[in-house]
Amino acid sequence: MTIISRRAVLGGLAAAPLVAPSILSAQQLFAVNPFRLGIASGDPSPDGFVIWTRLCPEPLDPQGGMPMMPVEVDWAVGTDEELRTVVQKGKVLARPELAHAVHVEVAGLEPDRPYWYRFTIGREKTVIGRARTAPCPGSPLTALRFAAAGCQAYDDGLYTAYRHLADEELHFVFHYGDYIYENRGAPIRITREGQALPFVRRAIGGPCFSLDDYRRRYAQGKMDEDLQRAHAAHSWFVTMDDHEVENNWVSDLSEFDVPAELFRTRRAMAWQAWYEHMPVRRTSLPTATGVQIYRRARFGDLLDAHFLDTRQYRSDQPCGDGFEPDCGDIDKPGAQVLGPQQERWLAAGLHDQTARWNLIAQQVMVMRLDRRTRPDEAKPIANMDSWAGYLAPRERFLQALKDAGNAVVVTGDEHQSFAGELETRDGTPAAVEFVATSISSGGSGADLRPEAARIRANNPFLRYSNDRRGYLLCEVARDLWRSHVRTIDTVDRPDGRIATAATLAVEHGRPRLQL
Ligand code: FE
Ligand code: CA
């Protein structure tokens, strides 16, 4: 039965091979270019990186317009932007089990330099992308630039910020999650206050539950040219926050009252779709027990980067989640954010430090922000989905950062830019935290939200805020870390202009923010 259907797909060839011959792939299988989701590179090491693409001629079709059989794809890596000098090439099978996505882990390259890559199948080619290997751990490095980006609700606004990010000169991009929003696609959009919002563009389909739903949400987003350009220009370290699975999920707990064993099936599908569309290593392929998100990368003797996972091992949000006053549960001693294993892994990484700076690249805000916006609110209000809802693990985390003496925290999730100072319980400075804004989530925004003055007055450790969309650009030097808040004036129209709203700095060894 299987053989017959396979022959039918291949047009009745006598001896149907298990893999479609390339000539067939090129000339008959693809009426349109199958590389419509673009390409990507990620997880750079000193000797290589991952290169990614997905065969998907019909991105919104449940099977991507592909026959349900493995198809061979050619790849090449070279040392010049036109790929005249190819240094490595090979073939990789795009399998239906992974929606015909391919992840090639290229190794054996030289450290700290750009490479260019391309995928081809028959006559069809991708654009040529640029990837960059990391400098060898411990090797002398005087400066490094990276960007932090994420939170890209498709229907909230255009990805124009990514077009500008593509033009930056960077070693890497850190993505802090919310690459998709599972809860979009409603026929109308309403704000929390009940006002109707116009669509900038519409996410297709309703909330994501099935693997097909998640795949389609990624596929639609990945057709965006600005996003494709940013992937093709830089190597990314991708993590995950809540909306890759479900708003405010942690561990195997849904935001709603869903039995854990049922939520785990949805989570597994969400993780699979995430893996299929991200340029991550095979070690991040989801298994029955979880998905490896947290990992480390070292950049010369200048920067050790620790990419965290603040969802998978976290205990339930206290006080019913949301923005709430403390119900008495925010300092439960047994609460977890990173979980014991990741916490030990981070402590060991900070202890063995070889570099001048430690980047803690993670998802939810560490600053314990009092969120009161109105004078009639008597008790301080915390975001229970941030570190502010987990004071015991937060204090351990801050102690570890303080002991390291050279850590900088870069965070996402808030959909606005914040910067401020983190202190341990005894008032000792531990680290500076930069919260990057969103690419599109929340819409165009303004320089400040109406409640910004009250928030600042209630939170003296918070030194900066801005409510425009964009990304954070970090320039790391031996003695000074500078973070540029890169903002865009509109995400409603395609001509948004980029600007540097502020440059904020930290001196090495002195965890205070300089404005
Ligand atoms: Fe978000
Ligand atoms: Ca989030």
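Please refer to the structure higher up on the page.
Residues numbered from 1 in each chain as written. Chains lettered and ligands numbered in written order. Predicted model: local features only at pLDDT ≥ 70, side-chain atom pairs only at ≥ 80, totals over all residues. Heavy atoms only, no water.

**Points about the overall build of the chain**
Argument step 1. Helix and strand counts for the chain stand at nine helices and 26 strands.
Argument step 2. The C-alpha radius of gyration of the chain comes to 23 Å, within 12% of the 24 Å expected for a compact globule of 515 residues.
Argument step 3. Burial statistics for the chain: of 515 residues in total, 57% are counted as buried.
Argument step 4. Contacts in the chain between residues far apart in sequence, at least 24 positions, make up 69% of those at least 6 positions apart. (Helix = DSSP H or I, 4+ residues; strand = E, 2+ residues; numbered from the N terminus. Rg over C-alpha atoms; globule rule 2.2 N^0.38 Å. Buried < 20%, exposed > 50% of the residue type's maximum accessible area, 1.4 Å probe, protein only. Contact = heavy atoms within 4.5 Å.)

**Some points on the packing of aromatic side chains**
Argument step 1. Scanning all chains against the criterion turns up 21 aromatic pairs.
Argument step 2. Here the aromatic rings of tyrosine 294 and tryptophan 345 are separated by 4.8 Å at their centres, their planes lie at 55°, and the arrangement is tilted. With a gap of 51 residues between them, tyrosine 294 in the loop between helix H6 (260-277) and strand E14 (295-299) and tryptophan 345 in helix H7 (residues 339-351) connect regions that are remote in the sequence.
Argument step 3. For tyrosine 294, a relative accessible area of 9% translates into the label buried.
Argument step 4. We classify tryptophan 345 as buried; its relative accessible area is 18%.
Argument step 5. By way of ring pairs, the aromatic residues Phe146, Phe172, Phe174, Tyr176, Phe237, Phe299, Phe307, Trp357 and Trp481 are connected into one cluster.
Argument step 6. Here the guanidinium or amino end of arginine 113 rests over the ring plane of tyrosine 115, the centre of that ring lying 4.5 Å away.
Argument step 7. Here the guanidinium or amino end of arginine 296 rests over the ring plane of tryptophan 345, the centre of that ring lying 4.2 Å away. (Phe/Tyr/Trp six-rings, centres within 6.5 Å; stacked < 30°, edge-to-face > 60°. Lys NZ or Arg CZ within 6 Å of the ring centre and 35° of its normal.)

**Some remarks on the coordination of the iron ion (ligand 1)**
Argument step 1. Around the iron ion (ligand 1), the protein supplies Cys151 (SG), Asp178 (OD), Tyr181 (OH) and His415 (NE2) as donor atoms, at distances of 2.0 to 2.5 Å.
Argument step 2. Angles of 89 to 164° at the metal separate the four donor atoms of the iron ion (ligand 1), which places the site in the irregular class.
Argument step 3. Mapping the donors of the iron ion (ligand 1) onto the primary sequence yields the spacing C-x26-D-x2-Y-x233-H.
Argument step 4. The distance between the iron ion (ligand 1) and the calcium ion (ligand 2) comes to 3.7 Å, and aspartate 178 binds to both of them. Of this pair, cysteine 151 sits in the loop between strand E9 (143-149) and helix H3 (160-166) while aspartate 178 sits in the loop between strand E10 (172-175) and strand E11 (189-190); the two residues are 27 residues apart in sequence, bridging distant segments of the chain. (Donors = N, O, S within 2.8 Å, 3.2 Å for Na, K, Ca; no water. Tetrahedral: all angles 85-135°; square planar, octahedral: opposite > 155°, others 65-115°.)

**Some details on the layout of surface pockets**
Argument step 1. When its volume is computed, the second largest pocket comes out at roughly 260 Å³.
Argument step 2. In this structure, the second largest pocket is lined by Met367, Arg368, Leu391, Arg394, Glu395, Glu421, Leu422, Glu423, Thr424, Arg425, Gly427 and Phe461.
Argument step 3. When contributions to the lining of the second largest pocket are tallied by element, the ones reaching two or more residues are helix H8 (391-404) and strand E20 (417-423).
Argument step 4. In terms of residue class, the lining of the second largest pocket is built from four nonpolar, two polar and six charged. (1 Å grid on protein atoms, 1.4 Å probe; cavity = no way out; pocket = protein on both sides within 12 Å on 5 of 7 lines; lining within 4 Å. Points joined across faces, edges and corners; volume = space filled by probe spheres on them. Nonpolar A, V, L, I, M, F, W, Y, C, P; charged D, E, K, R; others polar.)

**Describing the coordination of the calcium ion (ligand 2)**
Argument step 1. The protein atoms that coordinate the calcium ion (ligand 2) are Asp178 (OD), Asp241 (OD), Asp242 (OD) and Asp413 (OD), at distances spanning 2.3 to 2.6 Å.
Argument step 2. Linear spacing of the donor residues for the calcium ion (ligand 2) on their chain is D-x62-D-D-x170-D.

**Here we look at the side chain of glutamine 363**
Argument step 1. Within the secondary structure, glutamine 363 sits in the loop between strand E17 (357-361) and strand E18 (381-383).
Argument step 2. Overall, glutamine 363 belongs to the buried group, its relative accessible area being 0%.

**What to know about the environment of aspartate 74**
Argument step 1. Its location among the elements puts aspartate 74 in strand E3 (residues 71-78).
Argument step 2. Separated by 48 residues in sequence, aspartate 74 and glycine 122 have C-alpha atoms that sit 8.6 Å apart.
Argument step 3. Setting aside residues no more than four positions away along its own chain, aspartate 74 makes contact with Gly90, Lys91, Arg118, Phe119 and Thr120.
Argument step 4. Among the polar contacts made by the side chain of aspartate 74, one reaches the side chain of lysine 91 at a distance of 2.7 Å. (Polar contact = N/O pair within 3.5 Å; in protein donor to acceptor, adjacent residues only side chain to side chain.)

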